[in-house]
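Structural features, examined
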Amino acid sequence: MNESPKEGAGGAPDYDVWEAEVKSSRGLPLVWLIPLVALGIGIWLAYRTLSEEGPTITLLFKEAPGLEAGKSKIKFKDVEIGTVESVVLNEDLTGVVVTAKMEKHVATHLGENTAFWVVKPELGLGGVSGLDTLMAGNYIAVEFGGGKVVRRFVGLERPPRIKADTPGRSFFLSADNAGPLKYGTPVYFRDIEVGQVVNVGLAEDNRSVQVEIFIDAPYHRLVHNSTRFWQVSGIDLSLSAQGVNLKVGSIMSLLQGGITFETPTLNDPKVQSSEPNTRFRLHKDFASIAEGTYTLRQPYLLFFDDSVRGLNVGAPVELKGIRVGTVTELKLALDFGAHKIRIPVVIEIDPERLIPYGAEEIIERAKKEYKAAMEAGRRPFMEKLVERGLRARLRTGNLLTGQLYVDLDFYPESPPKSLDYSGQYPELPTLPSVADELQRNVTEIIANLKKIPLDKIGQELLGTVQGSNRLLNSPELKEAVGSLNLALKDLRHLAQTADREMVSLTAAAEKSLSSTARVLEQLEPGSAMAVDISNALEELAASARSIRALTDYLERHPEALLHGKGGSGGKP
């Protein structure tokens, strides 16, 4: 192969022709090792990068105040676990779509119940929150929850007050209206905050309000199936037939209201706590709790002819001072036939209030006895009461406010009446109100007084007075009074003279009696002369006593000399 070429014809070198031998290679050429190694390294780096990278999630907010792409962070317990990558509006411009990159170690915790919300500075009744965002800017906070792992979430407008790991129980309350209740409203038990409202919204039927509350542990054990909830406010002012009722609560309840509850079976160890998500009735106040315990209510119609000013819907219906019902409707009806105006008042009576304790068996027997009448729409129990004189009338509950209420009572002396079923509701007989009856009596008295001839009586009385005046001022009367005065003076002088004479006469008589007594002592006892003298002395003593009595009487009544004993002006 290395031999020198030979010279050919014409002096040109003559080369030997060699043929190349082509052989197939059985391995990869060395030149391809470098790109293959580089490709492997790239794949490994890409795998490592992708395996260490966290998931990308999408958050839907109504608004995203203060969020910036590439700057705003996602935090859990003040630790950064993600970064906002983009903030854009959704297609219909009704919200904001936030895309964020999360760290890998939280990927398995992103359950469907996970909550996201924007943290920003807030000042409320419960205090100040989000102050750290004043320097670092707003961020997105997260509260991990269970459920299926997802990558799309709907952000909350406000942070959840109850964390997923908070011990306690949730309950649902049904109310007629929300009133001051809102997210975060406290729940009290004996003025101690034991929970809060976590959600307020309409019920599924849109006819009531559903309030979700959360009671912290261990206070959730205080809630039994017999627990009663009602709303409280800082100031509760009510004006009713019972008068003015003012209740003042704490400062916090004054500012934000609240809910409180009580449990009648709290001290019963046999009663268990209510299960989570148990539903209760939320009453508007404590007074309405008693109203809510009675479910059976029967309407009745009352007709009043007098004024119902001061009677309002919700006024009580009382029997013997105990509330048994409520006024539900007031109207004005014109009777074209009688050409008069009547006022129909619809009331609702709670029959359960009229059932005494321990009378359930009697009521059941009565229901069986009057079953046919009750099925026909009659009310035999009320019929019996009306036959015994049950009547309705308006009474003033409070003189200061002028509020009226319907009073049910028995008036056996009233004309007999019965329950009237001719209208929409059974009609109870009524009586005029006490004030109206008093007004009518006063009107009758005034009318009778007007019938008295006061003018004629006044003229006659005036004539009598004038005649008496003339008589008293007449000279004849003055002369008679003067004469009488002189006669009394003479009579007094005569009495004094008679008194002196009587004293002398009495002394002489006593002296004579003493002499007579000495003479009698010398006489023989039982002789005729002694007897005659004794009788004469007794008569003389009686005369002396009579004279003394006359003298005493004349001293007390000297006028008896003119009129005699027992005459005008004399008394024994």
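If you're wondering where the values come from, they're calculated on a predicted model, not measured in any experiment. (Residues numbered from 1 in each chain as written. Predicted model: local features only at pLDDT ≥ 70, side-chain atom pairs only at ≥ 80, totals over all residues. Heavy atoms only, no water.)

**Observations concerning helix H7 (residues 380-387)**
The condition is simple: Only protein chains enter the accessibility calculation, which uses a 1.4 Å probe; a residue is then buried when its area is under 20% of its type maximum, exposed when over 50%, and partly exposed in between. Comment: elements are numbered from the N terminus, with helices defined as DSSP H or I runs of at least four residues and strands as E runs of at least two. Directions drawn from the helix axis to the C-beta atoms are what define this arc. Contacts between residues were defined by any pair of non-hydrogen atoms, one from each residue, lying within 4.5 Å.
What H7 keeps buried is the set Pro 380, Met 382, Glu 383 and Val 386. Looking down the long axis of H7, one finds its buried residues gathered within 155 degrees of arc, a one-sided arrangement. Here the buried face of H7 lies against strand S21 (298-304), strand S25 (340-349), helix H6 (371-375) and strand S26 (390-396). Phi for Gly 389, located one or two positions after H7, is positive at around 110 degrees.

**As for the pairing of strand S5 (residues 79-89)**
This is how it is decided: Here a strand pair is declared whenever DSSP counts at least two bridges between the two strands.
Here strand S4 (residues 73-76) runs beside S5; their pairing, made up of four bridges, is antiparallel. Across the sheet, the residue bridging to Lys 73 is Thr 83, located in S5. Between the antiparallel neighbours S4 and S5 lie two residues, among them Lys 77 with a positive phi of about 55 degrees. Pairing between S5 and strand S6 (residues 96-102): seven bridges, direction antiparallel.

**Quick notes on the sheet that holds strand S11 (residues 152-154)**
Just so we agree on the cut-off: Lines are fitted to the C-alpha atoms to define the axes, a helix being fitted only along its stretch in contact, and any angle between axes, read from their N-to-C directions, falls within 0 to 180 degrees.
Judged by pairing direction, the sheet is mixed, and its seven strands sit side by side in the order S7-S10-S4-S5-S6-S3-S11 without closing on themselves. Strands with a single pairing partner mark the edges of an open sheet, and in this sheet they are strand S7 (115-119) and S11. Sheet twist, expressed as the average angle between the axes of neighbouring strands with direction ignored, equals 30 degrees.

**Focus on the nonpolar core**
For soluble globular proteins, the rule of thumb is that nonpolar side chains tend to be buried together. Where we set the bar: Throughout this description, the term nonpolar core refers to a set of buried Ala, Val, Leu, Ile, Met, Phe, Trp, Tyr and Cys residues connected via side-chain atoms within 4.5 Å.
Ranked by internal contacts, the top residues of the largest apolar core, which has 24 residues, are Leu 311, Ile 347 and Leu 428. Residue assignment for this core shows that the elements contributing at least two residues are S21, strand S22 (316-319), strand S23 (322-330), S25, H7, S26 and strand S27 (404-410). Of all the elements, S25 adds the most residues to this core, at four residues. Other than its neighbours up to four places away in sequence, Ile 347 contacts Gln 298, Pro 299, Tyr 300, Leu 302, Val 317, Thr 326, Val 327, Thr 328 and Leu 428. Within the second largest apolar cluster, 20 residues are counted, among which are Leu 67, Val 84, Val 118 and Phe 144.

**Remarks on the pairing of S21**
On any regular strand, side chains alternate: one points to one face of the sheet, the next to the other face. Counted residue by residue, S21 has six buried out of seven residues, so it is predominantly covered. Two strands pair when backbone bridges link them, and S21 and S25 are joined in this way by seven bridges, in the antiparallel orientation. Residue Phe 303 lies in a different strand from S25, and its bridge partner there is Pro 344.

**Looking at the environment of Gly 147**
On the secondary structure map, Gly 147 appears in the loop between strand S10 (139-143) and S11. Residue Gly 147 is classed as exposed on the basis of its relative accessible area of 53%. Note: C-alpha distance between Gly 147 and Thr 114 (33 residues apart in sequence) is 8.4 Å. Sequence-distant contacts of Gly 147, defined by excluding residues within four places in its chain, comprise Gly 111, Glu 112 and Asn 113.

**Brief notes about the sheet that holds strand S19 (residues 258-262)**
Taken together, the seven strands give a closed barrel; going around it, the order is S12-S15-S14-S13-S19-S16-S20, and neighbouring strands pair in mixed fashion. The average undirected angle you get between the axes of adjacent strands in this sheet is 35 degrees. Here strand S12 (residues 168-175) runs beside strand S20 (residues 279-283); their pairing, made up of three bridges, is parallel. When the sheet's bridge partners are listed, Leu 173 is paired in S20 with Phe 280.

**Here we look at unusual backbone geometry**
With omega at 0 degrees, the peptide bond leading from Ala 217 into Pro 218 counts as cis. Among the secondary structure elements, Pro 218 is positioned in the loop between strand S15 (209-216) and strand S16 (228-232). Here the phi dihedral of Asp 78 falls at roughly 65 degrees; this positive angle occurs in a residue that is not glycine. In this structure, Lys 320 takes a positive phi of about 55 degrees despite not being glycine. Mapped onto the secondary structure, Lys 320 falls in the loop between S22 and S23.

**Considering the pattern of salt bridges**
Between side chains of opposite charge, a pair can form when the charged atoms approach closely. Let me state the cut-off plainly: Take a side-chain nitrogen of Lys or Arg and a carboxyl oxygen of Asp or Glu: if they are within 4 Å of each other, that pair is a salt bridge.
The full count for this structure, using the stated rule, is nine salt bridges. The shortest N-O distance in the salt bridge between Asp 176 and Arg 281 comes to 2.8 Å. Of the two residues, Asp 176 is situated in the loop between S12 and strand S13 (186-189) and Arg 281 in strand S20; the sequence distance between them amounts to 105 residues. Accessibility expressed as a relative area gives 38% for Arg 281, which makes it partly exposed. For Asp 407, the salt bridge is made with Arg 395, and the minimal N-O distance between the two is 3.1 Å. Within this pair, whereas Asp 407 is found in strand S27, its partner Arg 395 is found in strand S26, the two being separated by twelve residues in sequence. What makes Arg 395 partly exposed here is its relative accessible area of 28%.

**What to know about the packing of aromatic side chains**
Given two aromatic rings, one states the distance between the centres and the angle between the planes to describe the pair. Filter applied, for reference: Two rings from Phe, Tyr or Trp (for Trp, the six-membered ring) form a pair when their centres sit within 6.5 Å of each other. Planes less than 30 degrees apart are called stacked, planes more than 60 degrees apart edge-to-face, and all others tilted. We count a charge as sitting over a ring when the NZ of a lysine or the CZ of an arginine lies within 6 Å of the ring centre and within 35 degrees of the ring normal.
All chains considered together, the criterion is met by six aromatic pairs. Geometrically, the ring pair formed by Phe 171 and Phe 280 is edge-to-face, given 6.0 Å between the ring centres and 70 degrees between the ring planes. Taken together, the positions of Phe 171 in strand S12 and Phe 280 in strand S20 put the pair 109 residues apart, joining distant regions of the chain. Taking the relative accessible area as the measure of exposure, Phe 171 reaches 0% and is therefore buried. On the numbers, 5.2 Å between centres and 55 degrees between planes, the contact of Phe 229 with Phe 280 is tilted. Remark: Phe 280 occurs in strand S20 and Phe 229 occurs in strand S16; sequence separation between them is 51 residues. For the pair Phe 229 and Phe 280, a shared accessibility class is recorded, and that class is buried. Among the aromatic residues, those joined into a ring-pair cluster are Phe 171, Phe 189, Phe 229, Phe 261 and Phe 280. Across the ring face of Phe 172, the terminal group of Arg 279 is positioned such that the distance to the ring centre comes to 4.9 Å.

**A closer look at a nonpolar patch on the surface**
To keep things clear, this is the line we draw: Each patch is built from salt-bridge-free residues with over 30% relative accessible area, joining like charges within 9 Å and nonpolar side chains (Val, Leu, Ile, Met, Phe, Trp, Tyr) within 5 Å. To measure how exposed things are, a 1.4 Å probe is used in the Shrake-Rupley method; for residues, cover is taken only from the protein chains shown.
Taken together, the side chains of Ile 445, Leu 449, Ile 452, Leu 454 and Ile 457 define a hydrophobic patch exposed on the protein surface, amounting to about 470 Å² of accessible area. Residue assignment for the nonpolar patch shows that the elements contributing at least two residues are helix H8 (434-451) and helix H9 (454-472). You can see Ile 457 is positioned in helix H9. For Ile 457, a relative accessible area of 43% corresponds to the partly exposed category.

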